[in-house]
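# Descriptive structure summary
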Amino acid sequence: MKEFQYTVKDACGIHARPAGLLVKLAKGFASTATLEKGGKTCDLRKLMALMGMGVKQGDTVTIKVEGDDEAACAEAIQKFLSENV
């Protein structure tokens, strides 16, 4: 299992556009990716679950990736977050 933390820098947090792109990215891998914030967890393949987390600027989230291609998936998600959120 791969795990990393990321602090959201975007003033709007993880809003609709980046959330949709992140879900699309996560669906492209066989691994299961989850986002954890404040004791709540959601599947990164489910847009409404991700939007429901209410991730705001300054929030630190933990991303956990588990599966056959977890290294590539975690790297892609980390790159996406640093470039878009």
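These numbers come from a predicted model, not from an experiment.

Reading the values: the criteria
Residues numbered from 1 in each chain as written. Predicted model: local features only at pLDDT ≥ 70, side-chain atom pairs only at ≥ 80, totals over all residues. Heavy atoms only, no water. Core = buried A, V, L, I, M, F, W, Y, C linked by side-chain atoms within 4.5 Å. Buried < 20%, exposed > 50% of the residue type's maximum accessible area, 1.4 Å probe, protein only. Helix = DSSP H or I, 4+ residues; strand = E, 2+ residues; numbered from the N terminus. Contact = heavy atoms within 4.5 Å. UniProt positions renumbered as here; feature names shortened; annotations may be inferred. Axes fitted to C-alpha atoms, helices over the stretch in contact; angles between N-to-C directions. Parallel < 35°, antiparallel > 145°, perpendicular 65-115°, else oblique. Left-handed = near helix turned anticlockwise from the far one by under 90°. Nonpolar A, V, L, I, M, F, W, Y, C, P; charged D, E, K, R; others polar. Polar contact = N/O pair within 3.5 Å; in protein donor to acceptor, adjacent residues only side chain to side chain.

The next thing to look at is the nonpolar core. Ranked by internal contacts, the top residues of the largest apolar core, which has 26 residues, are I14, L35, L44, L50, I63, I77 and L81. Tallying contributions element by element places helix α3 (residues 70-84) first for this core, with 6 residues. Discounting chain neighbours no more than four positions away, the residues touching L81 are F4, Y6, L22 and I63.

Turning next to the UniProt feature "domain: HPr" (unreviewed entry) in the protein. Mapped onto this numbering, the UniProt entry annotates "domain: HPr" (unreviewed entry) at residues 1-85. End C-alpha atoms of residues 1-85 are separated by 23 Å, and the span's content is 39% helix alongside 27% strand.

Mapped onto the secondary structure, L44 falls in the loop between β3 (40-43) and α2 (47-52). Taking the relative accessible area as the measure of exposure, L44 reaches 0% and is therefore buried. Distance from L44 to T34, taken between C-alpha atoms, is 5.3 Å for residues 10 residues apart in sequence. Residue contacts for L44: discarding those within four places in its chain leaves L22, V23, A26, A33, T34, L35, L50, I63 and I77.

Right, let's get into the packing of helix α1 (residues 16-27) against α3. At a minimum axis separation of 10 Å, α1 and α3 run at an interaxial angle of 165°. As far as their axial angle goes, α3 and α1 are roughly antiparallel. As for how α1 packs across α3, the hand of that crossing is right-handed. For the pair formed by α1 and α3, the contact residues are P18, L21, L22 and L25 on the first element and A76, I77, F80 and L81 on the second. For the contact of α1 with α3, the per-class residue count stands at 8 nonpolar, no polar and no charged.

Moving on: the environment of T7. Its location among the elements puts T7 in strand β1 (residues 2-7). Judged by its relative accessible area of 35%, T7 is partly exposed. In this structure the C-alpha to C-alpha distance between T7 and K56, which are 49 residues apart in sequence, comes to 9.5 Å. The contacts of T7, once residues within four sequence positions are left out, are G58, D59 and T60. A polar contact of 2.9 Å, which involves the side chain of T7, links it to the side chain of T60.

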